[in-house]
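# Residue-level structural notes
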Number of protein chains: 8
Amino acid sequence: MEAREVLRQFKEGAISMEEAEHYFRREPFEEMECAKLDTHREIRSGFPEVIYCSGKADEHLLQIVKKLYEKNGEVLGTRASRRQYELVREEIPGIQYDPISRILKAKKPGGVKTGKIAVCTAGTADIPVAEEAAQTAEYFGSRVERIFDVGVSGIHRLFSRLEAIQDANCVVAVAGMEGALASVLGGLVDKPVIAVPTSVGYGANFQGLSALLTMVNSCANGIAVVNIDNGYGAGYIATQINRLAVRGNG
Amino acid sequence: MEAREVLRQFKEGAISMEEAEHYFRREPFEEMECAKLDTHREIRSGFPEVIYCSGKADEHLLQIVKKLYEKNGEVLGTRASRRQYELVREEIPGIQYDPISRILKAKKPGGVKTGKIAVCTAGTADIPVAEEAAQTAEYFGSRVERIFDVGVSGIHRLFSRLEAIQDANCVVAVAGMEGALASVLGGLVDKPVIAVPTSVGYGANFQGLSALLTMVNSCANGIAVVNIDNGYGAGYIATQINRLAVRGNG
Amino acid sequence: MEAREVLRQFKEGAISMEEAEHYFRREPFEEMECAKLDTHREIRSGFPEVIYCSGKADEHLLQIVKKLYEKNGEVLGTRASRRQYELVREEIPGIQYDPISRILKAKKPGGVKTGKIAVCTAGTADIPVAEEAAQTAEYFGSRVERIFDVGVSGIHRLFSRLEAIQDANCVVAVAGMEGALASVLGGLVDKPVIAVPTSVGYGANFQGLSALLTMVNSCANGIAVVNIDNGYGAGYIATQINRLAVRGNG
Amino acid sequence: MEAREVLRQFKEGAISMEEAEHYFRREPFEEMECAKLDTHREIRSGFPEVIYCSGKADEHLLQIVKKLYEKNGEVLGTRASRRQYELVREEIPGIQYDPISRILKAKKPGGVKTGKIAVCTAGTADIPVAEEAAQTAEYFGSRVERIFDVGVSGIHRLFSRLEAIQDANCVVAVAGMEGALASVLGGLVDKPVIAVPTSVGYGANFQGLSALLTMVNSCANGIAVVNIDNGYGAGYIATQINRLAVRGNG
Amino acid sequence: MEAREVLRQFKEGAISMEEAEHYFRREPFEEMECAKLDTHREIRSGFPEVIYCSGKADEHLLQIVKKLYEKNGEVLGTRASRRQYELVREEIPGIQYDPISRILKAKKPGGVKTGKIAVCTAGTADIPVAEEAAQTAEYFGSRVERIFDVGVSGIHRLFSRLEAIQDANCVVAVAGMEGALASVLGGLVDKPVIAVPTSVGYGANFQGLSALLTMVNSCANGIAVVNIDNGYGAGYIATQINRLAVRGNG
Amino acid sequence: MEAREVLRQFKEGAISMEEAEHYFRREPFEEMECAKLDTHREIRSGFPEVIYCSGKADEHLLQIVKKLYEKNGEVLGTRASRRQYELVREEIPGIQYDPISRILKAKKPGGVKTGKIAVCTAGTADIPVAEEAAQTAEYFGSRVERIFDVGVSGIHRLFSRLEAIQDANCVVAVAGMEGALASVLGGLVDKPVIAVPTSVGYGANFQGLSALLTMVNSCANGIAVVNIDNGYGAGYIATQINRLAVRGNG
Amino acid sequence: MEAREVLRQFKEGAISMEEAEHYFRREPFEEMECAKLDTHREIRSGFPEVIYCSGKADEHLLQIVKKLYEKNGEVLGTRASRRQYELVREEIPGIQYDPISRILKAKKPGGVKTGKIAVCTAGTADIPVAEEAAQTAEYFGSRVERIFDVGVSGIHRLFSRLEAIQDANCVVAVAGMEGALASVLGGLVDKPVIAVPTSVGYGANFQGLSALLTMVNSCANGIAVVNIDNGYGAGYIATQINRLAVRGNG
Amino acid sequence: MEAREVLRQFKEGAISMEEAEHYFRREPFEEMECAKLDTHREIRSGFPEVIYCSGKADEHLLQIVKKLYEKNGEVLGTRASRRQYELVREEIPGIQYDPISRILKAKKPGGVKTGKIAVCTAGTADIPVAEEAAQTAEYFGSRVERIFDVGVSGIHRLFSRLEAIQDANCVVAVAGMEGALASVLGGLVDKPVIAVPTSVGYGANFQGLSALLTMVNSCANGIAVVNIDNGYGAGYIATQINRLAVRGNG
């Protein structure tokens, strides 16, 4: 509803002063002691609020998970520890936990997955980040194909799966060490590549800085980068892109 | 054509050994003295090869521009100096040059622009990078809306243009100094935000590192980042996303 | 007392050579084995000496806390562990500990809080640093309003509290990840903003460096920055500013 | 005017729909081709918009300077080159230029300077940044005392001027190389110290990073930091603090 | 000659005290005013001393070039400017200069090139560094095959030349931007890859740091790295390896 | 077998379509759930695939070790913990573990070691990295001489072993702290020096960055560098060089 | 003994070939399995070899401590853990351990301390590093005066002890956080100041980098810097300077 | 004169109140417009104030040079350009300029040089920094021996001059690139080594950072470091050490 329309309806009495004031004060959130839950986020962005669990105090985490679960009938948490899962499970018995991706999830039944996102990793050690990306995208309704361990030290493994990758609406490239996978993919596909540097490696990888710089400086086109180890962020933006392709917006 | 199909046709004599060998040797490029022009790139990626002019020797630049122009009837160069433009103009009289974006361009008439990309800047000094992004996207067939000087030091300027931004298939956020524009946009739109850090600023901006880190660490979702001052890269991936929306791929 | 005055009184015999010498040797501190307690600090700066507890050996911490408590009848310690609290409590039974801010405190009754400081955070995870700032300012006599979880990923939450923020004499902006909150606040208020980068985040936040650079490079005016996670420092300087406003000094 | 009041007056017909809509759309800026002049900034922040001249295209600079000068009858530009000054002077003959601070200024006669800010430098080479701070503060109505060349390599020079420094409402500490001046001042005064690292020095000063880190990590209290060489920012926040002291706000 | 042998001969009178002392004082260099020419270097390392021209004072450069040319009948200089070349040419008329690699060279006729080194570049802009490597290796007697512009953004160009690369005794991989070429080569050949990061690129390439980190962190095996833009160093060590292969040392 | 030969044999019926297709699809790896074992790596590179154990999940490690052991009758793992060793030992009883180098190894009897690699360390604390290099090279068939604790703080220790070092086909220089050993060796030998920076040291060594920069910037020739603490990588490339010398390839 | 003298005596038969050869082969160290003990170090440098205990394997540490203790009748170890102390004590019952400095020491009775070194710290938390410096210097025969907790946040504490500091032959300045103490001392004394940055602090101190840069960039003269937390190194070089003053060398 | 003595004399009337006050206000400097000349510095530190010329405005430089020259009859300036020299020469005709070290100097005749400092460089390109160190030390009365071009790539050149180096009271080690010279010297002499990293080199030397880190992390003892290219600082502290040796202070 546009501002002009709100004002018109208010003048005509169709909405009360309280309603009009509420609109203009723009407070679509729920005040809690420790947080302001962004309850209108789904309306604004098309995605419900997701909980970053790591580092949250137990009581805060419980409050927020319960509130969101009550509101939406489903909830997604990232970077959860097993201990946090066990804590939450006492309140929401059906909640699920994946120790690889560290995702905590209660999902309403019956959702359909559409489009396609290809999630690729350079090595086995990048799988936890890739799974965070893949499961996030699936939670938000994207179909995902996993293509793991196709890094450039044995590049024929990548070529053998190239058709499956070229077929996707968006490619997520997850790689640590020198992160060259993103550049190679950027040169081989015609869809956006979302590159996720990981902290996998040692020595002068500087906890992922090396892979981040590689990906940001790529000589190939069609690559954009998210934070180190940020599988969630990659799954989110890949879903935005996948939705655009699925729904069309010509 | 699949490998199996090539082999079948070869065995049946439909294609010669030379044709089959050529397929498998995969050489779709034109060998020059200083370069290997990637002439099949448009087939592979949907985009023709583009020339990064900065630092190229004069004779190399001329050779490559002419070869691509002859092949495609149009050509795009980025980071060109005025001197390079004057050099090329002697060979391709109709070529155009924009001193703000430093783009060198000869474009076939009659192209249609579709979809919509919003290119936003935080300040006036970010316009050169934004124009590189905008003109790149336009060259590749995207419709672009420019929304400049809407940085967070006067955030009401951004809100006044919010509808125009939310309407696009993809938002390009160009900002230097602390680069906070990308985070604010990420919280306000439901489409992918491609963030371009710029080297605008001074002191501890470290030639754009500050804005790059800001954008990579954004607390908002739906943001991915390209290299510092890389307007071209942002225009490219934004066009990929815009095309997906325009064409649909459900 | 001015130097000239000391000399005059000394010549006239009003003060002894020992007193004069003491004045000029400037030794207003108490020598302990491990420290030189700055007992004149309150006179010089308007604030008593505060104890940074982290990393202090047990016996040193105990000695210093007791000495200051005996002298002033109250004491403030920052970055205290629960174990340190339990240790000190055996000597000063009434001492209080807040596990969120890690502040250790014994406060004389009856102090009045004046003026107003607004302490804002971007997210829930920034609350420990914000509480260190808020409780430090309160200890030193400032009235504090807490406005938490108003980061830029849902900027309407900030606007709903804007009046309360604009009302303060000084705003403390506490944010990790990309730290954009400080810039947004700088553009919306007409009072000094003391920005506190936090180490909250992961990946390329480099333990708070990203937020620090963001805040130092802010395109908005009226922002100055303290060290990463330095809530105490922010509460201190905010109190200095608040006192100037309360007392006036035209 | 509060939102509720706007709505009430609108319902009663005291203000038109256009006026109400305008209020809520919050567009207090003037659209130019290259910029959105923040014409309500003075109302919002108490300071008019100031022009950062460095790197602006000639036509852009001229447009913006003239527009602001027409609107306000005075104008302030920072980081201006002599060439830019000569350009602007053709349009605004009375405009003044200081080659040390690189400030470009046309000021309405008759302003009064109130309160007091002490601007200190460690060495002679820090004077350009200090002058930018001092002249900015003076333009905004603060009285300024300059205390230059009092760095720690000859600390008695600082002590000889200590009373003049302790007398101010706010101290600006400008220092390059190792930047220790800020820490020493922080230990000697009871007012806020705004520290400005400069790029003065060589070798491992890394263009001011060394001084920035020194100031951010200061062991003394009451210090907050602005960007490297950012005299303008220091003069701005020092004026905010000085105004609070002058006006009082108990 | 071993120490024991020297001593034996000295005792027997076969060599004089001066000769023995000279041996033990180990002074196989020629003292000049500005330098100590390492005239025994060829004996010790198999390579004559080479002159790094950049930044040398004119008179120093001339002295050193002439001395080495007189001694060896040939001379090699790297990073020479055209002006330096013109200066030296007045003394050594037959000396040659290549403006791409900036190599200054006078070579005795009749040398034979043996073995094979493959020098590869990612792009056209990396050619100057590659030529420094190639011409250094050729000067020292290696046969070199140049394979330029085979970067990962069009990886089929690399595959088309793979046999020529796999055939070499050592591969030099020269790449800027993200430097992924080295990793891809490391996975495809069974010979040592000497990786040379270049400063080609912009933004977050940090003058070659990005490519350096990529190459040091490579997930592929058989890669070792030299300094940014250090074509000379790569040509040198590649020649050492090539010689081992040519001469054998089983 | 060349592509042309495959095609000819296929046309003549000597190989089936399946065989030909397999050749061109290039899939010489074994698909596992968590990995794609690069089973043709030995053919391509002359070295079997080696397992980087650190951080691998237990079940993944076990699967991969067993698969490779079954295939090759021997297996090499690096960076293994004692716990991982004990786990693997239950499946492969004869497997061996060295707690210094953290190498896990089952080796077929009867291999011959040829050529010579000298592995040198600056100090005692560098021995674990040096042993990883030495044992890797031995596993791959190189003869290794260990020369430990010959750093530059007592350089006569190095000279006493110089003949043994000069005798090798390749020198591995392992050093932490300031890493000067590599430069000194580079000036004294005529064979390639593979430099391995280690994270040994403290303070401004920044976990090996200092040694890495030293080695990359060496003023001596014939030095190339691998990642910090990457003994395995040094042993690998040293073996490639040693093999070239042993086999000859003139 | 000079080389010429050795040769002369050898020719005359005064020394045998073995003796002469030994001289020239320069092997004044004792070969152990894990180390080459530099037994002539005291002759060469005036200081016996000292053991850096941190990270040494138990058996290596024991071997080395015992060997040196047997040779010299005394021994010094730095960075020793309590567990290492207890281990060594079983072999050398009289050995002493200081948990603050982590120094392990067995000292022959009767040594005299001469000259004077002043060891100053900025705060209490810098004492462990300062004690390592002080006890190292004392072990090597210097008289030491400790002046702790005299940092710039309360600079009068420093002035009260200035005479004691100015009296020393060398001043060791130990400081973390911003490390300004070294600059202040450099401006107040006429003797060399050895500055030791410590890792004390938090946030943007980057584990001592901030203090290191401060000290290296000092605007005061007469300051040279050792590694972060390197109390041992400071005590060593301060002793060299103190000895020069005590012994004289005109 | 001690504080107690001043007070006693004042009480007895031997000195006036003005004299006493002056003592305690400690103002031994001369106020100029742009600077506070530290005229008592020679008394306090044993060295007169020296002028860092680089970046000083012409009129400021002239004023300061003349004032110091008038006061002391001699003057020393560092980092002077030829243009600055020509400017100053018009006022002080006898002043001398050395274009290598960029030192500007007028020296009273008849000074004696005592003791000995050895100034060593790794290469020819390090000579300008070494000359700044050497000429500074000579200006302050030290005897200097220059030993240039003795870097580790040909370490026998260093050994041939070892006696001359070991003979000095203090060694200044000037080196760029990887800076290993300081470590090697530290292991060979028993006197303090003042290490000066230079910005000589390229690529990953990061303008001297590499050499700085090498020298700070040296495994050898007796080394302390000054800023990159800071020859002046090294000459200063080396002179302090040399004076201690010459004068003795037992």
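Residues numbered from 1 in each chain as written. Chains lettered and ligands numbered in written order. Predicted model: local features only at pLDDT ≥ 70, side-chain atom pairs only at ≥ 80, totals over all residues. Heavy atoms only, no water.

## Section: the overall build of chain A
A count of helical and extended segments in chain A gives 11 helices and 11 strands. Within chain A, the proportion of its 250 residues that are buried is 65%. Considering only intrachain contacts with a sequence separation of at least 6, the fraction spanning at least 24 residues in chain A is 65%. Accessible area of chain A: about 8,800 Å², with a carbon and sulfur share of 46%. (Helix = DSSP H or I, 4+ residues; strand = E, 2+ residues; numbered from the N terminus. Buried < 20%, exposed > 50% of the residue type's maximum accessible area, 1.4 Å probe, protein only. Contact = heavy atoms within 4.5 Å. Areas by Shrake-Rupley, 256 points an atom, 1.4 Å probe, with all protein chains shown as cover.)

## Here's the deal with the interface of chain A and chain B
Each partner contributes residues to the interface: chain A has 36 residues there, and chain B has 36 residues. At the boundary of chain A and chain B, one finds 6 residue pairs in polar contact (both at pLDDT 80 or more). Among the secondary structure elements, those contributing two or more residues to the side of chain A that touches chain B are α3 (41-45), β10 (193-197), α10 (209-216), β11 (223-225) and α11 (231-247) of chain A. If one sorts the elements of the side of chain A that touches chain B by residue count, α11 of chain A sits on top with 8 residues. Broken down by class, the residue content of the side of chain A that touches chain B amounts to 18 nonpolar, 12 polar and 6 charged. (Polar contact = N/O pair within 3.5 Å; in protein donor to acceptor, adjacent residues only side chain to side chain. Nonpolar A, V, L, I, M, F, W, Y, C, P; charged D, E, K, R; others polar.)

## Here we look at unusual backbone geometry
Of note, the phi angle at Met177 of chain B is positive, near 45 degrees, even though the residue is not glycine. Tracing the sequence through the fold places Met177 of chain B in the loop between β9 (170-175) and α9 (181-186). Its identity is not glycine, yet Asp229 of chain C carries a phi of approximately 65 degrees, on the positive side. Take Asp229 of chain C: it is sitting in the loop between β11 (223-225) and α11 (231-247).

## A look at the domain arrangement of chain A
Residues and elements named next belong to chain A. Parsing chain A into structural domains produces domain 1 (27-106) and domain 2 (114-249). Residue-level contacts link 16 residues of domain 1 with 15 residues of domain 2. Where domain 1 abuts domain 2, roughly 1,300 Å² becomes buried across the two surfaces, and 61% of that area is made up of carbon and sulfur atoms. Inspection of the domain 1/domain 2 interface yields 1 salt bridge. Glu132 is the salt-bridge partner of Arg79, the closest N and O atoms lying 3.1 Å from each other. For the interface between domain 1 and domain 2, the tally reads 5 residue pairs in polar contact (both at pLDDT 80 or more). At the level of elements, β4 (75-78) and β6 (103-106) are the ones that each hand at least two residues to the side of domain 1 that touches domain 2. Grouping the amino acids of the side of domain 1 that touches domain 2 by side-chain chemistry returns 8 nonpolar, 4 polar and 4 charged. (Domains from an automatic or database assignment. Buried area = accessible area lost by both parts, 1.4 Å probe. Salt bridge = Lys/Arg side-chain N within 4 Å of Asp/Glu carboxyl O.)

## A short note on the sheet that holds strand β4 (residues 75-78) of chain G
Residues and elements named next belong to chain G. Taken together, the 4 strands give an open sheet; going across it, the order is β3-β4-β6-β5, and neighbouring strands pair in mixed fashion. Two strands close off the open sheet at either side, each with one partner strand: β3 (51-52) and β5 (96-98). Taken together, the 2 bridges between β3 and β4 define a ladder with parallel strand orientation. What sits directly across from Tyr52, in β4, is Thr78. (Pairing = 2+ DSSP bridges.)

## What to know about the side chain of Thr214 of chain D
In this structure, Thr214 of chain D sits in helix α10 (residues 209-216). You can call Thr214 of chain D buried: its relative accessible area is 0%. Excluding residues that lie within four positions of it along the chain, Thr214 of chain D makes contacts with Glu178, Gly179 and Ala180 of chain D together with Glu178, Ser210 and Thr214 of chain G.

## Some thoughts on the environment of Gly13 of chain F
Residues and elements named next belong to chain F. Note that Gly13 resides in the loop between α1 (3-11) and α2 (17-25). A residue is classified by how much of its surface remains accessible, and Gly13, at 48% relative accessible area, is partly exposed. Taking the C-alpha atoms as reference points, Gly13 and Thr124, separated by 111 residues in sequence, lie 63 Å from one another.

## Observations concerning the relation of the copies chain C and chain D
Between chain C and chain D, the superposition needs a rotation of 180 degrees and an axial shift of 0.0 Å, giving an RMSD of 0.1 Å. On this basis, the relationship between the two copies can be described by a two-fold rotation axis. Looking at the rotation axis and the C-alpha trace of chain C, the residue lying nearest is Gly248 of chain C, at 2.0 Å. When the interface residues of chain C are mapped onto chain D, 100% of them again fall at the interface, so both copies present the same face. (Least-squares fit on C-alpha atoms with pLDDT ≥ 70 in both.)

## Overview of helix α5 (residues 82-89) of chain G
The set of residues buried in α5 of chain G consists of Gln84, Tyr85 and Val88 of chain G. On an axial view of α5 of chain G, the arc spanned by its buried residues comes to 105 degrees, and they lie on one face. (Arc of directions from axis to C-beta.)

## A look at the packing of aromatic side chains
The full count for this structure, using the stated rule, is 60 aromatic pairs over all chains. Seen in terms of ring centroids, Phe47 of chain A and Phe140 of chain A are 4.7 Å apart; in terms of plane orientation they differ by 80 degrees. Their pairing is edge-to-face. Of the two residues, Phe47 of chain A sits in the loop between α3 and β3 (51-52) while Phe140 of chain A sits in the loop between α6 (127-139) and β8 (142-147), which places them 93 residues apart along the sequence. Neither Phe47 of chain A nor Phe140 of chain A differs from the other in exposure class; each is buried. Summarising the aromatic geometry, the rings of Tyr85 of chain A and Tyr97 of chain A are spaced 5.0 Å apart at their centres and angled 15 degrees between planes, so their arrangement reads as stacked. Linking Tyr85 of chain A in helix α5 (residues 82-89) with Tyr97 of chain A in strand β5 (residues 96-98), this pair joins segments that are 12 residues apart in sequence. Grouping residues by exposure puts Tyr85 of chain A and Tyr97 of chain A together as buried. What links up through ring pairs into an aromatic cluster is the set Phe47, Tyr139, Phe140, Tyr232 and Tyr236 of chain A. Directly above the aromatic system of Tyr202 of chain B lies the positively charged group of Arg79 of chain D, at a separation of 4.4 Å from the ring centroid. (Phe/Tyr/Trp six-rings, centres within 6.5 Å; stacked < 30°, edge-to-face > 60°. Lys NZ or Arg CZ within 6 Å of the ring centre and 35° of its normal.)

## A closer look at the pairing of strand β9 (residues 170-175) of chain E
All names here are of chain E. Of all 6 residues in β9, 6 are buried; the element is thus mostly enclosed. Alignment of strand β7 (residues 114-121) against β9, held across 5 bridges, turns out to be parallel. Considered in β9, the bridge of Val119 is made with Val172. In this structure, β9 lies alongside strand β10 (residues 193-197), joined through 5 bridges in parallel fashion. For Ala173, the partnering residue across the bridge sits in β10 and is Ala195. Crossover connection from β9 via helix α9 (residues 181-186) to parallel β10: handedness right-handed. (Right-handed = clockwise from strand over helix to strand, strands pointing away.)

## What about the pattern of salt bridges?
Across all of its chains, the model carries 88 salt bridges over all chains by this definition. Linking Arg146 of chain C and Glu138 of chain C is a salt bridge whose minimum nitrogen-to-oxygen distance equals 2.9 Å. Taking the relative accessible area as the measure of exposure, Arg146 of chain C reaches 29% and is therefore partly exposed. With relative accessibility at 18%, the residue Glu138 of chain C sits in the buried group. The closest approach of N and O atoms between Arg83 of chain H and Asp58 of chain H, which form a salt bridge, is 3.0 Å. Note that Arg83 of chain H is positioned in helix α5 (residues 82-89) and Asp58 of chain H in helix α4 (residues 58-72), a separation of 25 residues in sequence. Residue Arg83 of chain H is classed as partly exposed on the basis of its relative accessible area, which comes to 47%.

## A look at the relation of the copies chain A and chain B
Two chain copies here: they are related by a rotation about an axis and a translation along the same axis. Note on the copies: chain A fits chain B at an RMSD of 0.1 Å, the axial shift is 0.1 Å, and the rotation between them is 180 degrees. Most of the interface of chain A is mirrored in chain B, where 100% of its interface residues are also at the interface.

## Quick word on the interface of chain C and chain D
Each partner contributes residues to the interface: chain C has 36 residues there, and chain D has 36 residues. Overall, the association of chain C and chain D removes approximately 3,100 Å² of surface from exposure, summing both partners, and the carbon and sulfur fraction of that is 54%. At the boundary of chain C with chain D, the tally comes to 0 salt bridges. When residues of the side of chain C that touches chain D are traced back to their parent elements, those giving at least two are α3 (41-45), β10 (193-197), α10 (209-216), β11 and α11 of chain C. With 8 residues, α11 of chain C is the single largest residue contributor to the side of chain C that touches chain D.

## Looking at the sheet that holds strand β5 (residues 96-98) of chain H
Residues and elements named next belong to chain H. A sheet is described by the order of its strands in space; here 4 strands give the open sequence β3-β4-β6-β5, paired in mixed fashion. The open sheet is flanked by β3 (51-52) and β5, the only strands paired with a single partner. Direction of pairing for strand β4 (residues 75-78) relative to strand β6 (residues 103-106): antiparallel, over a ladder of 3 bridges. The residue bridging Val75 from the neighbouring strand is Ala106, located in β6.

## Quick look at helix α10 (residues 209-216) of chain H
Residues spaced three or four apart along an α-helix face the same direction, because each turn holds 3.6 residues. Among the 8 residues of α10 of chain H, 7 are classified as buried, and the element is accordingly described as predominantly covered. Taken residue by residue, α10 of chain H has Ser210, Ala211, Leu212, Leu213, Thr214, Met215 and Val216 of chain H as its buried positions. Elements that come into contact with the buried residues of α10 of chain H comprise α10 (209-216) of chain F, α10 (209-216) of chain G together with β9 (170-175), α9 (181-188), β10 (193-197) and β11 (223-225) of chain H.

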